[in-house]
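The residues making up each chain are set out below.
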Amino acid sequence: MTTYREYHARSLSDPAGFWSEQAQLIDWHQPFSRALDNSNPPFTKWFVGGTTNLCHNAVDRHLATRADQSALIYVSTETNEEKTYTYRQLYREVNRMAGILQGLGVAPGDRVLIYMPMIPEAAFAMLACVRIGAIHSVVFGGFAAVSLATRIDDAQPKVIVSTDAGSRAGKPVAYKPLLDEAITLARFPPQKVLLVDRKLVPMQRVAERDVDYAALRATHMNDEVPCAWLESSEPSYILYTSGTTGKPKGVQRDTGGYAVALAASMRDIFCCAPGETYFSTSDIGWVVGHSYIVYGPLINGMATVMYEGLPIRPDGGIWWSIVEKYKVSTMFSSPTAIRVLKKQDPALLKKYDLSSLRLLFLAGEPLDESTARWISDGIGKPVVDNYWQTETGWPILGVSRGIEPLPSKFGSPGLPAAGYSVKLYNESTGEEITSPQQKGVVAIEGPLPPGCMTTVWRDDERFKRTYWTSVPNQRVYSTFDWGIRDEDGYFFILGRTDDVINVSGHRLGTREIEESLSSHPNVAEVAVVGVVDPLKGQVAMAFAILKDVTKADTHEKRLAHEGEMMKVVATQLGALARPARVHFVSALPKTRSGKLLRRSIQALAEGRDPGDLTTIEDPTALEQIKRAIHA
Ligand code: AMP
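Along each chain, numbering runs from 1 in the same order as the chain's sequence is written. Per-residue local features are limited, in this predicted model, to residues with pLDDT of at least 70; the limit for side-chain atom pairs, both in listing and counting, is 80 or more; totals at the level of whole chains, interfaces and linings are taken over all residues. Only hydrogens and water are removed before side-chain values are computed, so all heavy atoms of the structure are retained for them.

Focus on the overall build of the protein chain
A run of DSSP states H or I qualifies as a helix once it reaches four residues; a run of E qualifies as a strand once it reaches two. Both are numbered from the N-terminal end. Scanning the protein chain from N- to C-terminus turns up 19 helices and 32 strands. Taken along the three principal axes of its C-alpha coordinates, the protein chain extends 70 × 60 × 55 Å. We call a residue buried when its accessible area falls under 20% of the maximum for its residue type, exposed when it is over 50%, and partly exposed in between, using a 1.4 Å probe and counting protein chains only. The 631 residues of the protein chain split such that 62% are buried. Approximately 23,900 Å² of the protein chain is accessible, and the part contributed by carbon and sulfur atoms is 52%. Here the Shrake-Rupley method, with its probe set to 1.4 Å, supplies the accessible areas, and only the displayed protein chains count as covering residues.

Given below as structure tokens:
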């Protein structure tokens, strides 16, 4: 039997050979001529010359053997709907959607922006796009008008697919007014907006631009739209993620490499078999939703659960009732969601028959030991931490139980997955750290394995500059995370090296929140940092200098002003980005060269030592931060 270490070593010593074998897990229309072309790093190409299609691999190829098997299981505790689509039915719906998009003028290479809640039509739209060679860009439904407008302008979609409303805790959350506002703000408005009318709230339609999905579906009822055979490196989608500037990065994914990586990960890491049921509690607006709600499980011939609702409504047993009913074999969730469940009656964990469930995967943020133990003991199943990023599309670190049942260690996501050469480097010298238990920047030596981002959408320079030049004297991909490695090679992730924060497993750039707060007419200057939170992992905390201090010179006025500023962020960016607190100060700690000392502010906000302050310009600014926190 091959040990995992041998398996991983081969993936690095012979990447072309290793991945050529994995490539047999998917269908190719035309075989590739070269598995790996790394002649122009970091622009690695996988499976050169091969043509394939993500939708064919996720849907069409299963029709011969599993047409009547469940493919998409939609469960909404928001609208109390439940519907299962077989592979045959999914195929039909995707063809209709593909016909509609083509009818609206969408051609290969065009972008389609999908701004949708967790409803089946969102998945139909994603699959329809890749079917016809269009590039989808899903924007999380919780993002508000300004965030959406930024993404519209970067992706320049020909069509936007959206709906009247999402729903949260049984109450409709209107999408259409936000979408209309975003399109008004955007410099590159779409030609058409395709609207799925859920009839949750009334919609104002814009003549000529807005079209109705139900009406068009009826006219495209019998459409059969052939798959566009794309060269492996052609883009499948763009997914925006936050970085250290105010402008989100469009992570671009290829086609063939992504399909192969997902197929291999389903077998090696997630240990799933075709015909089983996968349930990821994420949202299609995030990378986990792309890889492990839509593409991964379907490519693997599984049924995938698409759940619209909260984990605690009608009660904290809802997920486990879904596991029982649909015989879920594999679950994927986040530590924050489990911490939410921890506040519920633990008897709910034992109420349902969970015998079908083998493993619960958790990712997106650090998994603390008490949360991991609580859920693992509660449901009586192993919990598997795994570490990755929007950029990589699938786990960098994990325990590949499908290859060898190696043990997990609490607090560690595990070992590098196949194809990843993960190393640690000294932040300032770039020297590689080889001794165990020493902290360094987690980086990956190129070539990145298949499935990882191929570039930043329309900005190759930014891809090189941001990711491949940040470790001094090395040409390696930086994850922007700190980590250590133990004597057995297990990695531990210690948080970000940059100004990105992680709220409930979701990534936010502090700069974006600062820019939003700065748009308030009374804000002169502002700093936003991430602060430890027992439930959400981190929350944003803001420190603002006001232009007119009389607007916040009493306790009541301060509270009102704080609320007003929080609202600015919620309306511009979305509720997720709303700072937990906005403190008012008259100076911010900066270096003499004018750089904000965010780490010192963060340390103070977390009750830690602010660190080396020899370069600080005005030490009283720190005193103010301290006073503001304790006021
Ligand atoms: P995102 O691109 O939104 O998925 O965020 C990726 C970031 O989340 C990583 O760079 C890490 O900072 C963090 N992260 C993801 N998974 C884990 C994990 N298992 N343990 C610790 N941090 C994680």
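Section: the packing of helix α18 (residues 598-605) against helix α19 (residues 620-630)
Look at α18 against α19: their axes get within 10 Å of each other, and the N-to-C directions meet at 35 degrees. Where α18 crosses over α19, the two elements pack in a sense that is right-handed. Residues S600, I601, L604 and A605 of α18 pack against L622, I625, K626 and I629 of α19. Residues are sorted three ways: Asp, Glu, Lys and Arg are charged, Ala, Val, Leu, Ile, Met, Phe, Trp, Tyr, Cys and Pro are nonpolar, and all the rest, Gly among them, are polar. A per-class count over the contact of α18 with α19 returns six nonpolar, one polar and one charged. Fitting a line to C-alpha atoms yields each axis, with helices limited to the stretch in contact; the angle taken between N-to-C directions then spans 0 to 180 degrees. Left-handed describes a crossing whose near helix is turned anticlockwise from the far helix by less than a right angle; the clockwise case is right-handed. Throughout, a residue-residue contact means that at least one pair of heavy atoms, one from each residue, lies within 4.5 Å.

Description of the sheet that holds strand β8 (residues 159-163)
Across the sheet, which stays open at both edges, the eight strands sit in the order β12-β11-β8-β6-β7-β14-β15-β25 with mixed pairing between neighbours. Unpaired on one side and paired on the other, β12 (210-212) and β25 (455-456) mark the two borders of the sheet. This element, helix α11 (residues 287-299), spans β7 (135-138), β14 (237-241) and β15 (249-253) of the sheet and lies at about 140 degrees to β14. Strand pairing is assigned whenever DSSP identifies at least 2 bridges connecting the two strands.

Digging into the sheet that holds strand β26 (residues 476-485)
The sheet built from four strands is open, its strands ordered β23-β24-β26-β27 with antiparallel pairing. Only two strands of the sheet have a single neighbouring strand rather than two, namely β23 (421-425) and β27 (491-496). The average undirected angle you get between the axes of adjacent strands in this sheet is 50 degrees. Pairing geometry for β23 and strand β24 (residues 440-445), over five bridges, is antiparallel. In the strand pairing of β24, K423 is matched with A443. Relative to the sheet, helix α15 (residues 460-468) contacts β24 and β26, its axis offset from that of β26 by approximately 20 degrees.

Considerations on the nonpolar core
We call a set of buried residues a nonpolar core when its members are Ala, Val, Leu, Ile, Met, Phe, Trp, Tyr or Cys and they connect through side-chain atoms within 4.5 Å of each other. The biggest cluster of nonpolar side chains holds 117 residues, and the ones touching the most others in it are L101, L127, L194, Y292, Y295 and W394. Ranked by the residues each element gives to this core, the list is headed by helix α6 (residues 120-132), at 10 residues.

Observations concerning the packing of aromatic side chains
Working definition: a ring pair exists when centres of Phe, Tyr or Trp rings (six-membered ring for Trp) sit within 6.5 Å. Plane angles under 30 degrees give stacked, over 60 give edge-to-face, the rest tilted. The full count for this structure, using the stated rule, is 35 aromatic pairs. Ring-pair connections join several aromatic residues into one group, and the members of that group are Y4, Y7, F18, W19, W28, F32, W46, F47, W394 and Y420. Our definition puts a charge over a ring when NZ of Lys or CZ of Arg is within 6 Å of the ring centre and also within 35 degrees of the ring normal. Seen from the ring of Y490, K409 lies directly overhead, with NZ or CZ sitting 4.6 Å from the centre.

So, helix α10 (residues 256-268)
Spanning 13 residues, α10 covers 18 Å between terminal C-alpha atoms, matching the ideal 18 Å at 1.5 Å per step. By the criterion of burial, α10 is predominantly enclosed, with 12 of the 13 residues buried. Of all the positions in α10, only G256, G257, Y258, A259, V260, A261, L262, A263, A264, S265, M266 and D268 are classed as buried. To estimate how far a helix should reach, multiply one less than its number of residues by 1.5 Å.

Brief notes about unusual backbone geometry
Note the cis peptide between R313 and P314, where omega equals 5 degrees. Although it is not a glycine, A169 sits at a positive phi angle of roughly 55 degrees. With respect to the element layout, A169 can be found in the loop between β9 (165-168) and β10 (171-174). According to the relative accessible area criterion, A169 is partly exposed, its value standing at 31%. Notably, C271 is not glycine yet its phi reads approximately 55 degrees, a positive angle. Structurally, the position occupied by C271 is in the loop between α10 and β16 (277-280). The exposure class of C271 is partly exposed, given its relative accessible area of 22%.

Structural notes on the side chain of T304
Residue position: T304 is located in strand β17 (residues 303-308). For T304, a relative accessible area of 1% gives the class buried. Polar contacts, as counted here, are pairs of nitrogen or oxygen atoms within 3.5 Å of one another; within protein the pair requires one atom able to donate a hydrogen and one able to accept it, and residues that are adjacent in sequence qualify only if both atoms are side-chain atoms. A distance of 2.7 Å separates a polar atom in the side chain of T304 from the backbone oxygen of I293.

Things to note about the state of the cysteines
Disulfide assignment relies on a single distance test, namely cysteine sulfur atoms paired within 2.5 Å. If you walk through the whole model with that rule in mind, you get zero disulfides. Cysteine C452 shares no disulfide, and the gap to the nearest cysteine sulfur, in C272, comes to 20 Å.

Points about the pattern of salt bridges
Salt bridges are identified by distance alone: a Lys or Arg side-chain nitrogen within 4 Å of an Asp or Glu carboxyl oxygen. A complete count under the given rule lists 39 salt bridges for this structure. For the salt bridge of R373 with E369, the shortest nitrogen-to-oxygen distance reads 2.7 Å. Here R373 and its partner E369 are both found in helix α14 (residues 369-379), four residues apart, which amounts to about one turn of the helix. Three or more residues are tied together by salt bridges with common partners; here these are K176, D180, R209 and D210.

Comments concerning the site of the ligand
Not every one of the 14 residues close to the ligand is listed here, only the nearest: N386, T390, D481, R496 and R507. A distance of 2.6 Å separates an oxygen atom of the ligand from a polar atom in the side chain of T390. At 2.7 Å, a side-chain N or O of R507 approaches an oxygen atom of the ligand. Alone, the ligand offers 500 Å² of accessible surface; in the complex the protein occludes 93% of this. For the shell around the ligand, the secondary-structure elements that each account for two or more residues are β20 (383-386) and β27. Looking at the shell around the ligand residue by residue, the class counts come to four nonpolar, five polar and five charged. Near, as used in this document, describes a residue that has one of its heavy atoms within 4 Å of the molecule or strand being considered.

Thoughts on the environment of Q24
Mapped onto the fold, Q24 is located in the loop between α2 (15-22) and β1 (34-37). Considered as a pair, Q24 and D353 are 329 residues apart in the sequence and their alpha carbons are 36 Å apart.

A closer look at the side chain of S232
Mapped onto the secondary structure, S232 falls in the loop between β13 (230-231) and β14. Not counting the four nearest positions on each side in its chain, S232 is found in contact with W28, W46, F47, G50, D254, T255, G256 and G257.

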